[in-house]
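Secondary and tertiary structure notes
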Number of protein chains: 2
Amino acid sequence: MTPPLTGARLSVSLAEIAAFIALVEHGGFTVAARELHLSQPGFSGRISRLERALGVRLVDRGVRRLTLTAEGRAFLPRARQIIESYAAGASVANG
Amino acid sequence: MTPPLTGARLSVSLAEIAAFIALVEHGGFTVAARELHLSQPGFSGRISRLERALGVRLVDRGVRRLTLTAEGRAFLPRARQIIESYAAGASVANG
DNA sequence: TGCGATTACGTATCGCGTAAATATC
DNA sequence: GATATTTACGCGATACGTAATCGCA
C-alpha cells in the first residue's frame, strides 16, 4: 500500500525535485537559480530541504566543478521519473 | 529538459499526491483523513490544493459513494508512479 | 435528520529575498 | 582576491486544527 520510505519525508515538493534536476543540468547553483528565476539563497534552500527530507547529502559542495554524491547519482533518475510522471499526469488532467 | 506542464504548478508536495491515493484506496475523506492522522479539514485542504495546482477537479463531491472525475481516474496511475519513484529513490539514497 | 465535506479563522511554520558572512581555489 | 554557497533575519504566504456551516440522501 504505502511503500517503506525509509526515513524519508513526504513533505517534499516537486519544485524541490525539479531544482535538483536543474542543478545537475546546469552544473551549478548560480546558473540553475537564475534559470529558475530564483535567488541563489532561495535555490540553495530548495536543495537543502530536499536533502533534509531524504536524510542524505546529494551534492558535494565546495568543489569548482559540481559533483554529485553516490546518493545523488542514485537519486537523479528517480527524480526524473517523478517529474515525468507528474507532467504526464498533469497533461492528461487538463488536456 | 523541463516538460510542458500545461498550466500545472510544481508547488505540489508528495504528501498531497499521497493523500489523493489514500482517498481513493479508503473510499472517503473521513476514513482517509483518520488513516493519515490528519483532521478532516486538513485532509480536504490537501486534496483541494492538489486540484488547484493541477487546475482540475479530481473527485466528484456530494455523492454518497466516492467517485473520481475522468481527470481523477487519468491522474491516479501517474500519482502511483510518482510515489513509487520517490520511495525507490529514497531507499536507494539512505539504504 | 444524520453523516460527510467545506468554510472561517487563528496560530505556528515554512519559503523566499536582501544583506552579510564563509569557504574554496 | 574573486567567485560560489551558506547563514541571518524579516516578511509574506501557507498548512493545519478547532469550531461552525453547508449539502446531500
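Thresholds applied
- Residues numbered from 1 in each chain as written.
- Chains lettered and ligands numbered in written order.
- Predicted model: local features only at pLDDT ≥ 70, side-chain atom pairs only at ≥ 80, totals over all residues.
- Heavy atoms only, no water.
- Helix = DSSP H or I, 4+ residues; strand = E, 2+ residues; numbered from the N terminus.
- Expected span 1.5 Å × (residues − 1).
- Buried < 20%, exposed > 50% of the residue type's maximum accessible area, 1.4 Å probe, protein only.
- Contact = heavy atoms within 4.5 Å.
- Buried area = accessible area lost by both parts, 1.4 Å probe.
- Polar contact = N/O pair within 3.5 Å; in protein donor to acceptor, adjacent residues only side chain to side chain.
- Nonpolar A, V, L, I, M, F, W, Y, C, P; charged D, E, K, R; others polar.
- Phe/Tyr/Trp six-rings, centres within 6.5 Å; stacked < 30°, edge-to-face > 60°.
- Least-squares fit on C-alpha atoms with pLDDT ≥ 70 in both.

1. Re helix 1 (residues 14-26) of chain B
In a regular helix each residue adds 1.5 Å, so 13 residues correspond to 18 Å; helix 1 of chain B covers 18 Å between its end C-alpha atoms and thus fits that length. Most of helix 1 of chain B is tucked away, with 10 of its 13 residues classed as buried. Lining the buried residues of helix 1 of chain B we find helix 1 (14-26) of chain A together with helix 2 (29-35), helix 3 (40-54), strand 1 (59-60), strand 2 (67-68) and helix 4 (70-93) of chain B. Downstream of helix 1 of chain B by one or two residues, Gly27(B) has phi in the positive range, about 75°.

2. Details of the interface of chain A and chain B
The interface is formed by 35 residues belonging to chain A together with 35 residues belonging to chain B. Each partner contributes to the roughly 3,100 Å² buried at the junction of chain A and chain B, and carbon and sulfur atoms together form 70% of this total. Of all residues in chain A, the largest losses of buried area upon contact with chain B belong to Leu10(A), Tyr86(A) and Asn94(A), amounting jointly to 20% of the total for that side. Across the contact surface, chain A and chain B share eight residue pairs in polar contact (both at pLDDT 80 or more). Elements represented by at least two residues in the side of chain A that touches chain B include exactly helix 1, helix 3 (40-54) and helix 4 (70-93) of chain A. Broken down by element, the side of chain A that touches chain B gets its largest block of residues, 16 residues, from helix 4 of chain A. Residues that form the side of chain A that touches chain B fall into these classes: 23 nonpolar, eight polar and four charged.

3. Observations regarding the packing of aromatic side chains
Residues and elements named next belong to chain B. Across all of its chains, the model carries four aromatic pairs over all chains by this definition. Between Phe 20 and Phe 75, the ring centres sit 6.0 Å apart and the planes meet at 50°, which makes this aromatic pair tilted. Here the residue Phe 20 occupies a position in helix 1, and Phe 75 occupies one in helix 4, the gap between them amounting to 55 residues. Take Phe 75: its relative accessible area is 0%, and that puts it in the buried class.

4. Looking at the relation of the copies chain A and chain B
Overlay of chain A on chain B (RMSD 0.1 Å): rotation 180°, translation along the axis 0.0 Å. On this basis, the relationship between the two copies can be described by a two-fold rotation axis. Taking C-alpha positions as reference, the residue of chain A nearest the rotation axis is Ser13(A), located at 1.9 Å. An overlap of 100% is found between the interface residues of chain A and their copies at the interface of chain B, pointing to a shared contact surface.

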